[in-house]
Amino acid sequence: MVDRKLKIVRVSTVPFFIVTQLSATIKALKDSGAGVTVISSDDDLGGELRELVGSDFIPVKMVREINPVQDLFSLILLVKIFRQGEFDIVHSTTPKAGLLCAIAGKIAGVKIRLHTYTGQPWVTMQGVKRHLLKFCDRVIGSLNTRCYTDSFSQQKFLVEQSVIKREKISVLGNGSFAGVDLRRFDATRFSESERSALKSELKINAESKVVIFVGRITKEKGVSELIEAFERLVIQGIDLHLLLVGPYEPDGAAIIDNISNGSVKNRIKNVGFSNIPEKYMAVSDVLCLPSYREGFGTVVIEAAAMGLPTVGTSIYGLSDAVVDGETGLLVPVGDSDSLAASIRSLVTDEVLLKNMSNSARERAQTKFDSKLYSSLLIAEYTGLVKKS
């Protein structure tokens with residue numbers, strides 16, 4: 001058990017990250033006896049975050065883009081909160097929260113300052129902005145007492161890019177940000193009649209194959225290539241539907257709006273953000289995540305737990321989440337031809353689809369159970385406090 005006097009604060013730029021990925025971890029920490037406070041901006045998901053942690057939620061506005069005035073205000077407020085809270089551990093995630101917490105935690109004198117890297121936005125950027133954001137990641141690595149990544153390939157990348165020293169960064173367990181809640185992501189929760197009803201509601205024929213995308217609808221998630229690949233398969237006569245589950249960003253909305261083929265557009269179902277993506281995974285056959293960058297790709301193991309193999313891109317992060325040729329297929333970034341071919345190979349070969357489905361589910365259940373991750377994190381926190 002964790003010492004009941006242990007006080008932890010988890011910080012994210014926006015509630016989305018905490019609500020969708022940290023719920024099981026926060027519950028496990030509280031059940032162990034630790035006091036857990038959550039700091040984040042108060043946006044549309046602020047209500048759900050309050051339901052999760054109640055009065056232990058402290059709203060602090062943090063903007064994703066560079067904003068010197070707002071960032072300074074947020075920094076001052078965080079220093080004040082950290083001093084008053086007398087926290088043993090400050091643990092941040094997401095880039096802006098990571099930078100602000102690294103500085104504020106150092107100023108406030110918090111002994112244990114942690115950050116988890118979950119992907120680098122600057123990887124797909126050029127010029128001054130790339131150098132600036134990379135420098136911010138270096139500041140995070142320098143000012144924190146320890147850092148983590150959610151994948152071994154990302155850890156290797158950050159060390160090779162001289163963002164952080166090898167001895168200061170590690171991966172818990174087999175990777176991922178917080179594992180997967182196997183009680184929640186369990187296909188047996190959904191009866192055949194419930195699946196049939198949802199397919200009918202979505203106007204998808206019972207025998208049609210379904211490819212699902214879960215995440216932000218934006219260009220850097222490979223949505224352009226996904227739409228190109230999907231259009232090609234539909235034109236070839238494959239009985240296929242595409243579910244898009246996630247919030248739209250402006251460039252993503254433009255990609256969907258520009259689809260000119262009416263028969264293709266009718267087979268794309270726009271669900272929007274859902275806090276129960278597993279419901280839509282239950283009526284799907286394959287997850288597609290053709291991202292340009294990912295720290296790990298938590299949705300991959302969530303889908304895997306539901307019995308869905310993944311077609312993704314061969315990038316750091318996803319190369320940890322997907323075992324190529326076993327739990328899914330990896331293709332080059334930006335290659336819609338290879339993407340279409342891989343999706344086709346799965347949705348037209350029942351034996352291959354079943355084998356990869358079983359392998360994906362078994363790997364998720366044995367290596368990425370959120371209970372395992374939570375126990376590793378509690379042990380990590382306890383060990384760090386004892387050493388401090």
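The structure contained in this document is the topic of the report that follows. Model, not experiment: these values are computed from the prediction.

## Let's talk about the packing of helix 5 (residues 95-108) against helix 6 (residues 127-143)
- Running from N to C, helix 5 and helix 6 point in directions that differ by 45°, and their axes come no closer than 9 Å. One finds that helix 5 runs oblique with respect to helix 6. By crossing handedness, the relation of helix 5 to helix 6 is classed as left-handed. Here helix 5 contributes Pro95, Gly98, Leu99, Ala102 and Ile103 to the contact with helix 6, which in turn contributes Cys136, Val139, Ile140 and Leu143.
- Among the residues forming the contact of helix 5 with helix 6, the class breakdown is eight nonpolar, one polar and no charged.

## Side note on the sheet that holds strand 8 (residues 209-214)
- Reading across from one edge, 10-9-8-11-12-13 is the order of the six strands in this open sheet, with parallel pairing throughout. Looking at strand neighbours, the two that pair on one side only are strand 10 (268-270) and strand 13 (328-331), the edges of this open sheet. When the angles between neighbouring strand axes are averaged without regard to direction, this sheet yields 20°.
- One ladder, built from three bridges, connects strand 11 (residues 286-289) with strand 12 (residues 310-313); its direction is parallel. What sits directly across from Leu289, in strand 12, is Gly312.

## Focus: the pattern of salt bridges
- In this structure the tally under the stated criterion is 17 salt bridges.
- Close ionic contact of Glu65 with Lys129 constitutes a salt bridge, the shortest N to O distance being 3.5 Å. In this pair, Glu65 is assigned in the loop between strand 3 (57-59) and helix 4 (68-85) and Lys129 in helix 6, connecting sequence segments 64 residues apart.
- For Glu65, a relative accessible area of 52% corresponds to the exposed category.
- Taken together, the shared-partner salt bridges connect Arg216, Glu220, Glu249 and Arg293 into one network.

## Some details on the sheet that holds strand 5 (residues 112-117)
- Taking strand neighbours across the sheet as the criterion, the seven strands line up as 3-2-1-4-5-6-7 in an open arrangement whose pairing is parallel. In the strand order of this sheet, the two ends are held by strand 3 and strand 7 (169-170), each with one partner.
- The pairing of strand 4 (residues 89-93) with strand 5 spans five bridges and is parallel. Bridge assignment links Ser92 to a residue of strand 5, and that residue is His115.
- The strands touched by helix 4 within the sheet are strand 1 (7-12), strand 2 (35-40), strand 3 and strand 4, with strand 2 carrying the most contacts at an inclination of about 170°.
- In the packing of helix 5 onto the sheet, contacts are made with strand 1, strand 4 and strand 5, and the angle to strand 4 comes to roughly 155°.

## Re unusual backbone geometry
- With phi around 85°, Ser176 is a residue other than glycine that occupies positive phi space.
- One non-glycine residue, Lys203, lies in the positive phi region at around 60°.
- Tracing the backbone shows Lys203 in the loop between helix 8 (192-201) and strand 8.

## Some points on the nonpolar core
- Formed by 66 residues in total, the largest nonpolar core has its most connected members in Ile212, Met281 and Ile343.
- No other element matches helix 9 (residues 223-235), which puts seven residues into this core.
- Leave out the neighbours within four places in its chain, and Met281 touches Phe185, Ile212, Val214, Val299, Glu302, Ala303, Met306 and Leu308.
- Core analysis: the second largest hydrophobic core is formed by 26 residues, Phe17, Val19, Leu22 and Val36 among them.

## Things to note about the pairing of strand 12
- Going residue by residue along strand 12, you find Thr310 and Gly312 tucked away on one face and Val311 and Thr313 tucked away on the opposite face as well.
- At this point the chain moves from strand 11, through helix 13 (residues 298-305), to the parallel strand 12, and the crossover so formed is right-handed.
- Strand direction decides the pairing type here: strand 12 and strand 13, joined by four bridges, are parallel. Across the sheet, Thr313 pairs through a bridge with Val331, a residue of strand 13.

So, how was this worked out
Residues numbered from 1 in each chain as written. Predicted model: local features only at pLDDT ≥ 70, side-chain atom pairs only at ≥ 80, totals over all residues. Heavy atoms only, no water. Axes fitted to C-alpha atoms, helices over the stretch in contact; angles between N-to-C directions. Helix = DSSP H or I, 4+ residues; strand = E, 2+ residues; numbered from the N terminus. Parallel < 35°, antiparallel > 145°, perpendicular 65-115°, else oblique. Left-handed = near helix turned anticlockwise from the far one by under 90°. Contact = heavy atoms within 4.5 Å. Nonpolar A, V, L, I, M, F, W, Y, C, P; charged D, E, K, R; others polar. Pairing = 2+ DSSP bridges. Salt bridge = Lys/Arg side-chain N within 4 Å of Asp/Glu carboxyl O. Buried < 20%, exposed > 50% of the residue type's maximum accessible area, 1.4 Å probe, protein only. Core = buried A, V, L, I, M, F, W, Y, C linked by side-chain atoms within 4.5 Å. Right-handed = clockwise from strand over helix to strand, strands pointing away.

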